[in-house]
Amino acid sequence: MDKEKIDEIYRENAAMIYKYLCGLTQDIGLAEELTQETFFQAVKGIEKFRGDCKVSVWLYGIAKNLWYKELEKRSRRKTVPLDDMIPSKENVENRSMDNLEKIEIFRLMHNLDDITREVMYLRLAGELRFSEIATILRKTENWARVTYYRGKQKIMKGMKEWKEN
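Before going into details, it helps to say that this report is about the structure given with it. Just so it is clear, the model here is predicted, and its values are computed rather than measured. (Residues numbered from 1 in each chain as written. Predicted model: local features only at pLDDT ≥ 70, side-chain atom pairs only at ≥ 80, totals over all residues. Heavy atoms only, no water.)

Phi at glutamate 127 is positive, roughly 55°, even though this residue is not glycine. Within the secondary structure, glutamate 127 sits in the loop between α7 (114–124) and α8 (130–137). (Helix = DSSP H or I, 4+ residues; strand = E, 2+ residues; numbered from the N terminus.)

Here's what the structure looks like:
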């Protein structure tokens with residue numbers, strides 16, 4: 001594949017892959033690293049792409065596998081001291097209500113089961129169609145729609161409860 005075609009694939013897909021990984025990782029720096037690694041792996045293995053799905057679906061699969069590898073690597077690491085995980089008081093006090101709502105939505109998404117959370121991230125951050133989500137996760141399109149709907153309902157219920165408190 002020529003350089004121009006690879007550049008075009010990158011331009012068309014990099015932002016979506018980055019958003020997807022931001023949703024999964026909750027870490028901008030890590031999402032940037034994994035996005036670059038996704039495209040590095042794609043270029044390195046472009047001859048393995050069979051063309052039986054869209055390039056974007058193939059790239060999401062690579063990104064998902066890289067995230068799983070990162071999770072495995074992290075599970076083998078030692079734990080971080082609690083002091084390093086607590087945000088400074090100044091940062092917390094400066095957040096707006098919009099930011100608090102966004103945090104609550106991500107918290108609620110984080111509490112979903114793994115597969116529902118992944119469907120939500122693919123749909124919301126990755127802006128994928130249900131057919132593409134189904135292809136990535138090797139399920140039916142209807143399954144992807146139902147899983148997304150149920151996840152959305154749980155988040156909406158959680159937000160309602162959060163706002164009432």
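Attention now moves to the pattern of salt bridges. One pass over the full model with this rule turns up 7 salt bridges. One salt bridge connects lysine 54 with glutamate 132, and the closest N-O pair in it is separated by 2.8 Å. Of this pair, lysine 54 sits in the loop between α2 (28–44) and α3 (55–76) while glutamate 132 sits in helix α8, placing them 78 residues apart in sequence. A single salt-bridge network, built from bridges that share partners, covers Lys54, Arg129 and Glu132. (Salt bridge = Lys/Arg side-chain N within 4 Å of Asp/Glu carboxyl O.)

A separate point is the nonpolar core. Judged by nonpolar contacts, the single largest core of 36 residues is most densely connected at Tyr20, Leu21, Leu59, Leu122 and Ile133. The set of elements that each furnish at least two residues to this core consists of α1 (3–25), α2, α3, α6 (97–110), α7, α8 and α9 (141–164). Ranked by residues supplied to this core, first place goes to α3 with 8 residues. With near-sequence residues (within four places) excluded, tyrosine 20 lies in contact with Tyr60, Ala63, Lys64, Glu118, Tyr121, Leu122, Ala125 and Gly126. (Core = buried A, V, L, I, M, F, W, Y, C linked by side-chain atoms within 4.5 Å. Buried < 20%, exposed > 50% of the residue type's maximum accessible area, 1.4 Å probe, protein only. Contact = heavy atoms within 4.5 Å.)

A few words on the layout of surface pockets. Here the largest pocket defines a volume of roughly 640 Å³. Elements with a minimum of two residues in the lining of the largest pocket: α2, α3 and α8. What the second largest pocket holds in volume is close to 290 Å³. Counting only elements with at least two residues in the lining of the second largest pocket, the list comes to α1 and α6. Residue composition of the lining of the second largest pocket, grouped by class: 3 nonpolar, 3 polar and 2 charged. (1 Å grid on protein atoms, 1.4 Å probe; cavity = no way out; pocket = protein on both sides within 12 Å on 5 of 7 lines; lining within 4 Å. Points joined across faces, edges and corners; volume = space filled by probe spheres on them. Nonpolar A, V, L, I, M, F, W, Y, C, P; charged D, E, K, R; others polar.)

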